[in-house]
Amino acid sequence: MIQIESICKDYTRGRNVVHALHPTSMNFNGGEFIAIVGPSGSGKSTLLSMIGGMLSPTSGRVVVNGQSLYEINVKQRSRLRNEQIGFLFQSFNLISYLNAIENVQLPMTVYGTDRANQQNQAKHLLERFGLGERLDHKPSELSAGQQQRVAMARTLAMGPNLILADEPTGNLDPESRDLILRTLHELCEEGRTIILVTHDMTVSASAHRVFHIDDGYASEDTQNKSRDAA
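This structure is a prediction, so every number in the text was calculated from the model and none was measured. Sequence order as written defines the numbering, with residues in each chain counted from 1. Totals for whole chains, interfaces and linings use all residues, but because this is a predicted model, local features are given only for residues with pLDDT of at least 70 and pairs of side-chain atoms are given and counted only at 80 or more. The basis for the side-chain values is all heavy atoms of the structure; hydrogens and waters are excluded.

Here we come to unusual backbone geometry. With a phi close to 50 degrees, Ser-6 is a non-glycine residue in the positive phi region. If you check the backbone angles, Asn-93 has positive phi at about 55 degrees while not being a glycine. Secondary structure follows DSSP: runs of H or I at least 4 residues long count as helices, runs of E at least 2 residues long count as strands, and numbering of each begins at the N terminus. Residue placement: Asn-93 occurs in the loop between strand S6 (85–89) and helix H3 (100–111). Buried means the residue's accessible area, taken with a 1.4 Å probe over protein chains only, is under 20% of the maximum for its type, while exposed means over 50%, and partly exposed covers the values in between. On the accessibility criterion, Asn-93 (40% relative accessible area) is partly exposed.

Pasting the structure below:
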């Protein structure tokens, strides 16, 4: 379960205080697909970064499976992120000089997983996404859709319970977009929580719950909840 308790983020620019995100509270259960939508600069990525333990809130708490992310030390928070939270980005963030299987192995290498197990797990994940013949290919040798599938495989390497995705379908063709979206829903069915920032109304329409952020203020789309209930 994810509990977001009155988190907000302020920045100081000269003598001015900029409210990037006003106090926001949300609760998410395992197996929920959450979409966060809103215009550029509205605070969506700020919220996602705080949920993921990458950006300390000015005030408030983020509790992931009973642990308050910003009330534990940096080492503990890093370990929790590696074990329980997966990240997926629009820009893929693959290491250019590593091939596909090495990119997927990277989180396991950081964690110290046995090398043979790393390779087996990475190969299995890449095969799941139809990349069994691309294990030795570097990012520059892959299409955008294939790169995002490698990134998805890397996200799943540590078996996270929570997946945070920031515009993961933004650079993809429709076929690749549908594959990534279908996979995210399959992960929900396995009990994982997905929180996804998107501008794509097709993507947000498939979510269980939708939150709108505008000028740092967040509100839930109750019409979307009503449709789900129907």
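Next up on the list: the packing of aromatic side chains. Here a pair means two rings of Phe, Tyr or Trp (six-membered ring of Trp) with centres within 6.5 Å. Their orientation is stacked below 30 degrees between planes, edge-to-face above 60, and tilted elsewhere. Scanning the entire structure with this criterion turns up two aromatic pairs. Both rings, one in Phe-28 and one in Phe-211, keep their centres 5.8 Å apart while their planes meet at 75 degrees; by these two values the pair is edge-to-face. With Phe-28 in strand S2 (residues 16–28) and Phe-211 in strand S9 (residues 209–214), the pair connects residues that are 183 residues apart, well separated along the chain. Relative to Phe-89, the ring of Phe-87 has its centre 6.2 Å away and its plane inclined at 0 degrees; by these criteria the two rings are stacked. The class for Phe-89 is partly exposed, based on a relative accessible area of 24%.

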